[in-house]
Amino acid sequence: MRPVFSLLTAALLVSGVVLAQDGSWTSADIGTTTAGSTTAVGADGLDVSGDGRDIWGQVDSFRFVHRAMSGDFSIQARVASLSLPAHPWAKAGVMIRQSTDAGSGHAMMAASKSNGFAFQRRSTTGGASFHTAGGGTAYPNSWVKLVRVGNKVLAYKATDAAGVNFKQVGTPMTLNATDPVLVGLCVTSHSDGQLCTAQFRDIKVTDLSGASLPAPWQTADIGSVSLPGGAGYEDGVFSLVGDGADVWGVGDACRMAWQKVSGDFDIKTRVTLLSKTS
């Protein structure tokens, strides 16, 4: 597989989606015995209480707040806290999932109560789960993020207050899912019959399909790439995700966002994050 890069310029993207007030979001208890709850907090926060044995193995048990999305996108949130009492593996995070079936394929970037960050995933429905540790959390600033490009999902974590110093966890996974997929927030108490409440803040979803680019900007993959790229824009910030061997020699391979200009000009930007993903 060729290298894949994620590029965020100037700052992190902010989507126009306000999770706590958007009626297209749905809460569901998957494989649990105790009903959970979802409470909106401000414009971009949720308190989510969830039961469940775990999100692991071949079947899951948890609370899921989700909406349907297609194409390329990212989701991020700050996990401010997990309530006590809580199992060390109680966890809360962002998730991309094929369906609400308990054995559905999924990708999850989570913050646990006592075992740090975790990138956990199941590539196919009914398959095995896999785990990559992401280091220690730092409540109330435990940021989690997933980026979906084509059938690849990338996971990130951050612990700074502003949520700008994201670092990749593990390598991209292949999620064998068809559009639309479900994207949202997940909570499991890891103790069946006992609720755990997670405080999610600064929830943002970003469309990376290119539809959000302002005119006359365009975006496309250039040259021979193995994986399709994506691009998004909000509040003066561009986000590019691209494949490609290099921009060098007699032929280039990359993702590009551009506009046509004539005459003399200059162009400049500030790159805040460049993450090699494989």
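A few points on the structure.

Thresholds applied
Residues numbered from 1 in each chain as written. Predicted model: local features only at pLDDT ≥ 70, side-chain atom pairs only at ≥ 80, totals over all residues. Heavy atoms only, no water. Helix = DSSP H or I, 4+ residues; strand = E, 2+ residues; numbered from the N terminus. Buried < 20%, exposed > 50% of the residue type's maximum accessible area, 1.4 Å probe, protein only. Contact = heavy atoms within 4.5 Å. Areas by Shrake-Rupley, 256 points an atom, 1.4 Å probe, with all protein chains shown as cover. Phe/Tyr/Trp six-rings, centres within 6.5 Å; stacked < 30°, edge-to-face > 60°. 1 Å grid on protein atoms, 1.4 Å probe; cavity = no way out; pocket = protein on both sides within 12 Å on 5 of 7 lines; lining within 4 Å. Points joined across faces, edges and corners; volume = space filled by probe spheres on them. Nonpolar A, V, L, I, M, F, W, Y, C, P; charged D, E, K, R; others polar.

So, on to the overall build of the protein chain. Helix and strand counts for the protein chain stand at zero helices and 23 strands. Per-residue burial over the protein chain gives 50% buried out of 278 residues. Put simply, of all contacts in the protein chain between residues at least 6 apart along the chain, 69% involve residues at least 24 apart. Accessible area of the protein chain: about 11,700 Å², with a carbon and sulfur share of 53%.

Moving on to the packing of aromatic side chains. As enumerated under the stated definition, the model contains four aromatic pairs in all. Ring geometry for tryptophan 217 versus phenylalanine 238: centroids 4.7 Å apart, planes at 55°, classification tilted. Remark: phenylalanine 238 occurs in strand S21 (residues 237-243) and tryptophan 217 occurs in the loop between strand S18 (196-207) and strand S19 (218-222); sequence separation between them is 21 residues. Residue tryptophan 217 is classed as partly exposed on the basis of its relative accessible area, which comes to 25%.

Turning next to the layout of surface pockets. In this structure, the second largest pocket occupies an estimated 160 Å³ of space. Counted by class, the lining of the second largest pocket contains six nonpolar, one polar and one charged residues.

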